[in-house]
Amino acid sequence: MRTVYIADLILTGAPQESIRNGAVVVNEGKIEQICSVEEIQNLGDGVEIKEFGEGSTLLPGLIDTHVHLAFDGSADPVERVRSADELERLAIMLKSARELLSAGVTTARDLGAPDLLDVRVKKMIDSGLARGPRMLTVTAPLTVTGGHCWFFGGECEGVDEVRRRVRQARREGADAIKIMSTGGNMTEGTLPSEPQFTLEELIAIVEEAHKYGMKVAAHAHGAEGIRRSLLAGVDTLEHFSFTTADGSMVEDAELVEQTAEKGTYVCKTICSGWGHYISEAVPDDQMRTLMDRGVQVVAGTDAGIDNTPHVDYVYGLEGMAALGMTNDEVLYSATLKAAASIGIAEETGSIEEGKSADLIVVQGDPRDDLQVLRNLKAVVAKGEEYVPEFHSETTWNATVDAPKYVPELTVKEDVISGV
Ligand SMILES: [Zn+2]
């Protein structure tokens, strides 16, 4: 049966494009037609009409290009996942998936999970056994021995070995490849400022992945890891924090320029767990500066990491705006541009005939105020409606005024621990 969604305003997802008093016709999981309200009568019988009324806005389902379903967003998600057995891990991941959907996220890319559980969760969602966003998976992130997130099982080294590891990920069901090009905050014994793979290894990984049409996402904090990842030709740079050995963040203008020139997408993973710190540690116009230099910024939150529940997705968008992006830019980065960055713009990311019926309806116009994205009136993923079960308690406006939380970066014998 066809379902027709009628809203006061439709934001198609293409920049600056909107339709007043339009209707979106959904049939068998796809957007069949976009028409005027008057044209609905031509559709004939067997049509269910859902009208959302005055002040409602229909827009594409939101996209989170960087999540971890296996992390539960608690104070210590790494310990939680390490001490859980496989069944418990699966339960955590299924809950995370429903949290994302509860925030209006209809597509998410999982950038690292244990035991191939991301592939299993994706299959469960695809087959209708579980509810969740459309998932893209990477299986275990590629890392060096003892490197960042080694406990996911993706350790590999040397040009031949890393090529083999890419092929293995593909065989095991990965849609994309994640590489840990620097250390990270969550793994003891690694430093965010330090590079991990050599340039030769990175080039081999990217070559091999691209051969199979797989995108490569590089976790990259320190400048050297960012530089090598860029040279190797990765598709997205995650975090892009320019973290130095003492934990401060100092942008390298030349690398930013090269990133813009190459058109490599950047996901800054602004999220509720780091919001206080980010608002303290980076300039208020940080995102504006990146945009003005021509960097292709996309939305992604690292959902699941410390103090970052998956349902807090909109917080990251509010943060991007607070750091200088316009609401229009943020919405584009969270829909069509995000879809392009992960290679699925043909399938989703905008309200277009023939695309998957991934849409949300909110009360209010998110171009005026991103907070209205929290007032969800409908969530539709691949044509299936979902009633949100979880609600986010954290908003950027409410928390930036709260007492500032600064993560403890304790440097001990070359080991950084803490957040
Ligand atoms: Zn991550």
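Within each chain, residues carry numbers counting from 1 in the order of the written sequence. Under the rules for a predicted model, residues below a pLDDT of 70 receive no local features and side-chain atom pairs below 80 are neither given nor counted, while totals for whole chains, interfaces and linings still include all residues. Each side-chain value is derived from all of the structure's non-hydrogen atoms; neither hydrogens nor water enter the calculation.

Participant: Can you walk me through the overall build of the protein chain in this structure?
Facilitator: The way it works is that DSSP assigns letters per residue, a run of H or I at least four long becomes a helix, a run of E at least two long becomes a strand, and they are numbered from the N terminus. For the protein chain, the helix and strand inventory stands at 13 helices and 18 strands. Here the globule rule reads 2.2 Å times residues to the power 0.38, and the radius of gyration is calculated from C-alpha atoms. Over its C-alpha atoms the protein chain spans a radius of gyration of 21 Å, differing by no more than 12% from the 22 Å that the globule rule assigns to 419 residues. C-alpha extents for the protein chain along the principal axes are approximately 70 × 45 × 40 Å. Burial here depends on accessible area, computed with a 1.4 Å probe over protein chains only, as a share of the maximum for the residue type. Under 20% is buried, over 50% is exposed, and the range in between is partly exposed. The 419 residues of the protein chain split such that 58% are buried. Across the protein chain, the 38 positively charged side chains and the 69 negatively charged ones have centroids separated by 5 Å. His is not counted, nor are the chain ends, whereas Lys and Arg count as positive and Asp and Glu as negative. Note that the charge is assigned to NZ on lysines, CZ on arginines, CG on aspartates and CD on glutamates.

Participant: Please clarify how the domain arrangement of the protein chain should be interpreted in this entry.
Facilitator: For interface size, the figure often reported is the accessible area lost on association. Per the annotation, domain bounds derive from an automatic or database assignment of domains. Taken as a whole, the protein chain is organised into domain 1 (2-60 + 349-396) and domain 2 (62-341). Taken over C-alpha atoms, the centre of domain 1 sits 28 Å from the centre of domain 2. Throughout, a residue-residue contact means that at least one pair of heavy atoms, one from each residue, lies within 4.5 Å. Opposite the 38 residues of domain 1 that make contact, domain 2 presents 35 residues. Interface area, domain 1 with domain 2, both sides summed: about 2,900 Å², of which 65% is carbon and sulfur. Joining two parts hides part of their accessible area as seen by a 1.4 Å probe, and the buried area is that hidden amount summed over both. If you sort the residues of domain 1 by the area they bury against domain 2, Leu370, Phe390 and Trp396 come out on top, with a joint share of 30%.

Participant: Could you clarify how one ought to interpret the coordination of the zinc ion in this entry?
Facilitator: In ideal tetrahedral geometry, four donors around a metal make angles of 109.5 degrees, whereas ideal octahedral geometry with six donors gives angles of 90 or 180 degrees. In this listing, donors mean N, O and S atoms no farther than 2.8 Å from the metal, or 3.2 Å for Na, K and Ca; water is missing from the atoms, so a site can look incomplete. Protein coordination at the zinc ion: the donors are His66 (NE2), His68 (NE2) and Asp302 (OD), at 2.1 Å from the metal. Here the donor residues of the zinc ion are spaced in sequence according to H-x1-H-x233-D. His68 shares its class with His66; the two are buried.

Participant: Just to check I follow, could you spell out the side chain of His66 for this structure?
Facilitator: In this structure, His66 sits in strand E6 (residues 62-67). By relative accessible area, His66 is classed as buried at 0%. Throughout this description, a polar contact denotes any pair of N or O atoms lying within 3.5 Å of each other; where both atoms belong to protein, one of them has to be capable of donating a hydrogen while the other can accept it, and for residues adjacent in sequence the pair is counted only when both atoms sit in side chains. A polar contact of 3.2 Å, which involves the side chain of His66, links it to the side chain of His68. Every residue in contact with His66, bar those within four places of it in the chain, is listed here: Arg109, Leu111, Lys178, Glu238, His239, Cys267, Thr269, Gly300, Thr301, Asp302 and Ala303.

Participant: Just to check I follow, could you spell out unusual backbone geometry for this structure?
Facilitator: Trans peptide bonds make up the majority, and among non-glycine residues the majority have a negative phi. Unlike most non-glycine residues, Asp115 shows phi in positive territory, near 55 degrees. As for its position among the elements, Asp115 is in the loop between strand E7 (105-110) and helix H3 (117-126). For Leu116, which is not glycine, the phi torsion reads 60 degrees and is therefore positive. One can find Leu116 in the loop between E7 and H3.

Participant: I'm lost on the nonpolar core in this one. Help?
Facilitator: As a rule of thumb, nonpolar side chains are buried together in soluble globular proteins. Of all hydrophobic cores here, the largest spans 93 residues; its most connected members are Ile177, Ile179, Phe197, Leu237, Tyr313, Met320 and Leu373. The two domains that each donate at least three residues to this core are domain 1 (2-60 + 349-396) and domain 2 (62-341). Among residues more than four places away in sequence, those in contact with Met320 are Ile270, Met287, Val297, Val298, Ala299, Met325, Val330 and Ser333. In terms of nonpolar packing, the next biggest core, distinct from the first, is built from 14 residues, Tyr5, Ile31, Val361 and Val380 among them. Nonpolar cores are built from buried Ala, Val, Leu, Ile, Met, Phe, Trp, Tyr and Cys residues. Side-chain atoms within 4.5 Å join them into one set.

Participant: Would you mind showing me how to read the sheet that holds strand E13 (residues 296-298) here?
Facilitator: The strands making up a sheet associate through hydrogen bonds between their backbones, and the pairing can be parallel or antiparallel. Any two strands with at least two DSSP bridges between them are considered paired. In spatial order, the strands read E9-E10-E11-E12-E13; together these five strands make up an open sheet with parallel pairing. Every other strand in the sheet has two partners, leaving strand E9 (177-180) and E13 as the edge strands with one partner each. For this sheet, the mean angle separating the axes of adjacent strands, direction not counted, is 25 degrees. Simply put, an axis is a line fit to the C-alpha atoms, just over the touching stretch for a helix, and the angle between two N-to-C directions goes from 0 to 180 degrees. Sheet strands in contact with helix H5 (residues 199-211) are E9 and strand E10 (216-220), and its direction is about 175 degrees off that of E9.

Participant: How should I be thinking about the packing of aromatic side chains in this particular structure?
Facilitator: The description of two aromatic rings rests on the distance between their centres and on the angle between their planes. Any two of the Phe, Tyr and Trp rings considered here, Trp counted by its six-membered ring, make a pair once their centres fall within 6.5 Å; the pair's planes then place it as stacked at under 30 degrees, edge-to-face at over 60, or tilted in between. Applying the stated criterion across every chain, the model contains six aromatic pairs. A ring pair is formed by Tyr315 and Trp396, whose centres lie 5.3 Å apart and whose planes are at 55 degrees; its orientation type is tilted. With Tyr315 in helix H10 (residues 313-322) and Trp396 in helix H13 (residues 396-400), the pair connects residues that are 81 residues apart, well separated along the chain. Exposure class is identical for Tyr315 and Trp396. Each is buried. Every member of this aromatic cluster is reached through a ring pair, and the members are Phe71, Trp150, Phe151 and Phe152.

Participant: Would you explain the environment of Ser193 in this entry?
Facilitator: One can find Ser193 in the loop between E9 and H5. A relative accessible area of 12% means that Ser193 is categorised as buried. Sequence separation between Ser193 and Ser248 is 55 residues; the distance between their C-alpha atoms is 9.6 Å. Ser193 has contacts with Gly222, Thr243, Thr244 and Ala245, leaving out every residue within four places of it along the chain.

Participant: Would you mind going over helix H2 (residues 86-102) with me for this structure?
Facilitator: Count 3.6 residues to each turn of an α-helix, and residues three or four apart come out pointing the same way. Multiplying one less than the number of residues by 1.5 Å gives the expected span of a helix. In this model H2 runs 24 Å from its N-terminal to its C-terminal C-alpha over 17 residues, within 8% of the 24 Å that 1.5 Å per residue would give. Within H2, the full set of buried residues consists of Arg89, Leu90, Ile92, Met93, Ser96, Ala97, Glu99, Leu100, Leu101 and Ser102. The inward-facing, buried residues of H2 abut E6, helix H1 (77-83), E7, H3, strand E15 (376-381) and strand E16 (384-386). One or two positions beyond H2, positive phi appears at Gly104, with a value near 85 degrees.

Participant: Before we go on, may I ask you to explain the packing of H2 against H3 in this structure?
Facilitator: Relative placement of two packed helices is described by the angle separating their axes and the distance separating the axes. Contact geometry of H2 with H3 gives a least axis separation of 10 Å together with a crossing angle of 55 degrees. In terms of orientation, H2 and H3 fall into the oblique class. Between H2 and H3 lies a crossing whose hand is right-handed. Across from Glu86, Arg89, Leu90, Met93, Leu94 and Ala97 in H2, the residues of H3 making contact are Leu117, Asp118, Arg120, Val121, Met124 and Ile125. When the residues that make up the contact of H2 with H3 are grouped by side-chain class, the tally is eight nonpolar, no polar and four charged. Every angle not falling under 35 degrees, over 145, or within 65 to 115 is termed oblique; those three ranges are roughly parallel, roughly antiparallel and roughly perpendicular. Note on convention: near helix rotated counterclockwise from far helix by under a right angle means a left-handed crossing. Clockwise means right-handed. In the scheme used here, Gly and all other residues not listed as nonpolar or charged are polar, with Ala, Val, Leu, Ile, Met, Phe, Trp, Tyr, Cys and Pro taken as nonpolar and Asp, Glu, Lys and Arg as charged.

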